[in-house]
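A look at the structure
Letter by letter, the chains look like this.
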Amino acid sequence: MPRTLVIGFGNIDRADDGVAYFVVNALRRRLGNGMLHEDETGLEGLGAQIDSIFLIQLAPELMDVMAVYDKIIFVDAHVYENVDSLYFASVLPEFTPATFTHHLTPEMLFALLKSLHHREPAGHIVSIRGYDFDFHRSLSADTEALVEKAVDHILLLHLSTDDQSPRN
C-alpha cells in the first residue's frame, strides 16, 4: 500500500482560509491519530501509512519530507466561483512564475522535487471553497459542511491505484 502525505496549508486566523487545518484534524480523528494543536505542524510524528501536516504556507524545505512518499495530497481553500465548492485535481510538476514573492504552488514544489530529488510521487489537490476570510478562527457554515466530504475524498485518493483523482 502506498504511503501518503496530506499537506494542509492556510491561515487559521483568517476564517475559511484555515479550512485545511480542520480537514487535517478531521482526517487525523478518523484515522485514530491525535489532533494537531494550533501551534503544531505534525512534522514531528511522521511514519504512518497516511501522514498529515498543517502549515501556513508551502516551503522548499518540504521536498526532503515529500521525497519518501508515494502520494502527496494538498489541501487548501479557494475563492473561485466558477469551480466546484469541493474541487479535486491532479498536481503535476510545473515551473510557474510566482504571483507573490513568498508564494510557492504545489506544482512548483513538485517541479523542484523532481529536479532535485528525482522523485515524482502522485500528486493531488483537494480545494475547498471559502466564503469568509475575516480575522477569526471559525469556518463559515458552507465551508464547514465540506470538511468531512474532503476527508472522504482524501481517503479515496489514498486507496486509489491510479494517479488520477476519483470523480465527485
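Our structure's up above, just so we're on the same page.
What you are looking at is a predicted structure, and each value in this text was computed from that prediction instead of being measured.

Once that is clear, we can look at the sheet that holds strand S1 (residues 4-9). Pairing within the open sheet is mixed, and its 5 strands lie in the order S2-S1-S3-S5-S4. Where the open sheet ends on each side, the last strands, each with one partner, are strand S2 (50-55) and strand S4 (86-90). Each neighbouring strand pair of the sheet contributes to a mean axis angle of 20°, computed without reference to strand direction. Two strands pair when backbone bridges link them, and S4 and strand S5 (residues 122-129) are joined in this way by 5 bridges, in the antiparallel orientation. Among the inter-strand pairings, Ala89 is bridged to a residue of S5, identified as Ile125. Contacting S1, strand S3 (71-78) and S5, helix H3 (residues 106-117) runs over the sheet at an angle of about 155° to S3.

So, on to the pattern of salt bridges. Applying the stated criterion to the full structure yields 8 salt bridges. Where Asp152 meets Arg30, a salt bridge forms, and the shortest distance between an N and an O atom there is 2.6 Å. Of this pair, Asp152 sits in helix H5 (residues 147-159) while Arg30 sits in helix H1 (residues 19-30), placing them 122 residues apart in sequence.

All right, on to the packing of H1 against H5 then. Two elements in contact, H1 and H5, have axes whose closest approach is 9 Å; the angle formed by their N-to-C orientations is 60°. Considering the angle they form, H1 stands oblique to H5. The crossing of H1 and H5 is right-handed. When H1 is examined against H5, the residues Val19, Phe22, Val23, Ala26, Leu27, Arg29 and Arg30 are found in contact with a partner set consisting of Val147, Glu148, Ala150, Val151, Asp152, Ile154 and Leu155.

Each value, and the rule that gives it
- Residues numbered from 1 in each chain as written.
- Predicted model: local features only at pLDDT ≥ 70, side-chain atom pairs only at ≥ 80, totals over all residues.
- Heavy atoms only, no water.
- Pairing = 2+ DSSP bridges.
- Helix = DSSP H or I, 4+ residues; strand = E, 2+ residues; numbered from the N terminus.
- Axes fitted to C-alpha atoms, helices over the stretch in contact; angles between N-to-C directions.
- Contact = heavy atoms within 4.5 Å.
- Salt bridge = Lys/Arg side-chain N within 4 Å of Asp/Glu carboxyl O.
- Parallel < 35°, antiparallel > 145°, perpendicular 65-115°, else oblique.
- Left-handed = near helix turned anticlockwise from the far one by under 90°.

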